[in-house]
Every structure is written in structure tokens, then in C-alpha cells.
Amino acid sequence: MSALAKNYNRRKIAFKKGKGSFLYATNGKKYLDFCMGIAVCSLGHANPYLIKAINKQSKKLWHVSNAFQIPEGEKLAKRLTQKTFADSVIFQNSGAEATETAIKVARRYFYSIGKPKKNRILCIKNSFHGRTLATIFASGSKKMTEGFGPKIDGFDHFEFGNHHSLKKSITKYTAAIMVETIMGEGGIKVIPDWCLRDLKKICVKKNILLILDEVQCGIGRTGKFFAFEHSKVKPDIVPIAKGIGGGFPIGAVLMTKKVASGMTPGTHGSTFGGNPLAMSVGNAVLDQILKKEFLQNVKKNSQYFHSKLNILKNQYPKIIKEVRGVGLLIGLKLFNDQANFIKKLMDNKLLTIRAGENVIRILPPLNVKKKEIDIALKIIEKVCREYK
Ligand SMILES: Cc1ncc(COP(=O)(O)O)c(C=O)c1O
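Described in the following lines is the structure provided in the data block. Bear in mind that the values here come from a model prediction, so they are computed numbers and not experimental data. (Residues numbered from 1 in each chain as written. Predicted model: local features only at pLDDT ≥ 70, side-chain atom pairs only at ≥ 80, totals over all residues. Heavy atoms only, no water.)

### Points about the sheet that holds strand β2 (residues 22-25)
So, step 1. Strands sit in the order β1-β2-β3-β15 across an open sheet of four strands; the sheet is mixed. Single-partner strands in this sheet number two, and they are β1 (15-19) and β15 (350-351).
So, step 2. Summarising the sheet, β2 and strand β3 (residues 30-33) pair through three bridges and their orientation is antiparallel. Bridge pairing in β3 places F22 opposite L32. (Pairing = 2+ DSSP bridges. Helix = DSSP H or I, 4+ residues; strand = E, 2+ residues; numbered from the N terminus.)

### Considerations on the packing of helix α2 (residues 48-58) against helix α10 (residues 276-289)
So, step 1. Contact geometry of α2 with α10 gives a least axis separation of 9 Å together with a crossing angle of 150°. It follows that α2 is roughly antiparallel to α10 by the angle criterion. Once α2 is placed against α10, the crossing between them reads as right-handed. Contacts from Y49, L50, A53, I54, Q57 and S58 in α2 reach P276, L277, S280, V281, A284, V285, D287 and Q288 in α10.
So, step 2. For the contact of α2 with α10, the per-class residue count stands at nine nonpolar, four polar and one charged. (Axes fitted to C-alpha atoms, helices over the stretch in contact; angles between N-to-C directions. Parallel < 35°, antiparallel > 145°, perpendicular 65-115°, else oblique. Left-handed = near helix turned anticlockwise from the far one by under 90°. Contact = heavy atoms within 4.5 Å. Nonpolar A, V, L, I, M, F, W, Y, C, P; charged D, E, K, R; others polar.)

### Looking at the packing of aromatic side chains
So, step 1. For the structure on display, the rule yields seven aromatic pairs.
So, step 2. Ring geometry for F226 versus F228: centroids 5.1 Å apart, planes at 20°, classification stacked.
So, step 3. Residue F226 is classed as buried on the basis of its relative accessible area of 0%.
So, step 4. Taken together, the ring pairs connect F85, F225, F226 and F228 into an aromatic cluster. (Phe/Tyr/Trp six-rings, centres within 6.5 Å; stacked < 30°, edge-to-face > 60°. Buried < 20%, exposed > 50% of the residue type's maximum accessible area, 1.4 Å probe, protein only.)

### Structural notes on the pattern of salt bridges
So, step 1. In the structure shown here, the tally under the stated rule is twelve salt bridges.
So, step 2. Note that D156 and R120 form a salt bridge whose closest N and O atoms lie 2.7 Å from each other. With D156 in strand β6 (residues 155-158) and R120 in strand β5 (residues 120-124), the pair connects residues that are 36 residues apart, well separated along the chain.
So, step 3. K189 is the salt-bridge partner of E357, the closest N and O atoms lying 2.9 Å from each other. (Salt bridge = Lys/Arg side-chain N within 4 Å of Asp/Glu carboxyl O.)

### Overview of the site of the ligand
So, step 1. Within the structure, the ligand sits among S94, G95, A96, F128, H129, G130, E180, E185, D213, V215, Q216 and K242.
So, step 2. A distance of 2.7 Å separates an oxygen atom of the ligand from a polar atom in the side chain of Q216.
So, step 3. Side-chain polar atom of K242 to an oxygen atom of the ligand: 3.2 Å apart, as the coordinates give it.
So, step 4. Within the complex, 81% of the 390 Å² of free accessible area of the ligand lies under protein.
So, step 5. The class makeup of the residues in the shell around the ligand is three nonpolar, five polar and four charged. (Near = heavy atom within 4 Å. Polar contact = N/O pair within 3.5 Å; in protein donor to acceptor, adjacent residues only side chain to side chain. Areas by Shrake-Rupley, 256 points an atom, 1.4 Å probe, with all protein chains shown as cover.)

### Overview of the environment of L328
So, step 1. Its location among the elements puts L328 in the loop between β13 (320-326) and β14 (329-334).
So, step 2. Between the C-alpha atom of L328 and that of I360, which follows or precedes it by 32 residues, the distance is 13 Å.

### Quick word on helix α11 (residues 294-315)
So, step 1. Taking 1.5 Å of rise per residue, the 22 residues of α11 would be expected to cover 32 Å, and the 32 Å separating its terminal C-alpha atoms lies within 8% of that figure.
So, step 2. Every buried residue of α11 is accounted for by F294, L295, V298, N301, S302, F305, H306, L309 and L312. In an axial view of α11, the angular spread of the buried residues amounts to 140°, which keeps them on one side of the axis. What points out from α11, more than 90 degrees from its buried face, is the exposed set K300, Q303 and N314. (Expected span 1.5 Å × (residues − 1). Arc of directions from axis to C-beta.)

Spelled out as C-alpha cells, the structure:
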């Protein structure tokens, strides 16, 4: 009997080590890992550069309080702001903390300019922003909130793709619109670039802040540093996590100078967020992702992967309904329940993960090799063939 609570539906497999795109299980089998801890291990498992960075820092200093200067965090924040729309960063430990902090930043900004009633956050119904109390109520999902009342107020919802519902939901109390640039858990649903641009126009017109949740789709996953860069839209606040730590828990909120003005000393904090060990890993991840050819390679490999998956979709039109996603955030939407298909992929030593709407999420490391993509394609094709 496990002493762990039963809040996860765990597969019956454990791993003893990882290397690059592969995981080695305790059952002696080797798996191609295209789940990567759900888009976390951006540079694969046991990346030598990250190992070196964490080892080096671990011998010097792990943790000091945010009551003191943390040069490693200063460095990471500076690099993130130099690279992006943002002027300021608050470090956290996870995605949910980052999105919840994004909500706090938006509310606090309007409070600080004398508009405390402008505090409601408008989100997409059945979106995913994490599992804290505030973020589950932000999701507007019955499944996630059931049994966790009383309801946390302050969130309104509109339907994905329904512009009428969006416009109807905006009131003078709307402080921010918060959406995932690409809905990961929801089924790799991409908000089209023109939609993001329209969203930004509405925000500007109505004095509403735009929060783009890039926890899953950011940090190079789509072939650009942020997924919203494809649309050239400039958000006000962006929560990130997952890929920036490459497996080490790091979250962060990036924001413009304007909204950062509300976050005066004492308004927010975190014991662990931004400690020297985490920041050294974050800097090492950036060293790799910001290399000249890195994102070019993500683009090149993902184009290859998408084109081959689309060929498979045409070969098996009764199984694969749609190939979704951008870059290496890929969704295979099936006609039927995907759970059995995911199991068959695992039986063939390819690990993937489910998403909403019968979608299989395929999340290779960003430094995946073409020959590894070919292995995955062969396995997917085999499972399709046997499914026929
Ligand atoms: C878009 C998005 N936001 C927030 C989160 C929450 O992140 P975490 O699980 O690190 O709290 C996730 C996690 O999957 C996510 O995909």
C-alpha cells in the first residue's frame, strides 16, 4: 500500500535514470520520453551543462532569504527583461504560483492608481492556470473546483473562440484578461495570432491588462522564446515556469514597468522563490536556449515532425482527426478516447501525455534529435496500423 495520497492516477511504471530524450525504467526497459515531465525538462534528462551548473552552485550557496541581494536572480531577471517585453520579474517556484502572482500584480496595479474596484479577471471557460484555490476558480472548470468551495470570487469567464461571449463579459470592473497563449491541458488549442491582436486592441481600448499564461507554451517550446511573439502582441504580464527550470522548480512573473509600480515592498513574497540554486539553473537553461541556433533548430525539427504527423493523419483518417499545436507543443487529436492509444504508445516505449478533447500531447525536449523524432513517428505509425 502506498503512503502517498491518491490524488494522481499514476501509471504503473517508475524510472531509475534519464539521459537526453530517454528514460530508463526499473522494469529494465528504455523509453523515448516525449512527455518530459509535461514540458518541463526543456533540455532533456541529465543534461551535462545543467548538471555542471547545479553542481557548481550547490558547492557555493543554496539558499538565502529574499531579505538580501541575490546576484544570480538579478542576472536571470536582467536577461529575461533584455530578451522580452518585460521590465521587471518576480521569481516563484511553480506555474500556479506564477499565475496567482500575475493576478495579484494586475489587481494591485489598479489599486495603486486609485481604482480598487477594477479587480475582476476574465478567463476562458475550462482553461488551466494551476491548482491553487484562486487558479482553480480562474479556470471556470467544474471538474477542478468541485468540492473546493466556497467559491473564490473575482473571476468571469468567456467561451474559447466566442468573441461575442468575450465582449459581453467585459465590464468596467475587469482588471485583466488572462488566457493561455496556447491552451495546453485543454487540448493544445492555439489562440490565432489575429485573435491575440484583437484581444490586445480590446484591452488597450478598455484599459484592461493582458495576462498571457506561458507556463506551458513559453521558453522556446514553439520555436520563439514566447508563443505570443508569433503574433507580435505585447502583453502586460506573463507568468512562466516549467521550461525555465529544465526540471528544477522555478516560476516567475514578467511584467511591464507600469504594472510593476504597484508591487511595492511587502506586497508579495516567497521563501524559496528566486534562491541562488534555482537561479543558477535558470541561467544555465537560458545559456542554452538563447544560443543562436537553438530556436532555429526547434523550428526546423518541429516543422519536420508536424509534416510527418500530417502525412500519418492522411494515412489514418479514421484514427487521427487533427494535428494541433505550434513548434514542439504538439497535439494529436483522435476520433476516439485517447487513453488506450497512449497506453499502446507506452507499450511500444514511447511516452506521451493526455490533454482535453481526446488529444495526445507530444512534448519532446527542445534539443530533440531528428532521429529520435523518426523513432517516435515509427511507433505512432505502428500503433495506428494495429488500431485500424
Ligand atoms: C498554462 C499553465 N498554467 C499554469 C500551470 C500550473 O503550473 P504548476 O503545475 O507548475 O503549478 C500549468 C501546468 O500545467 C499550465 O499548463
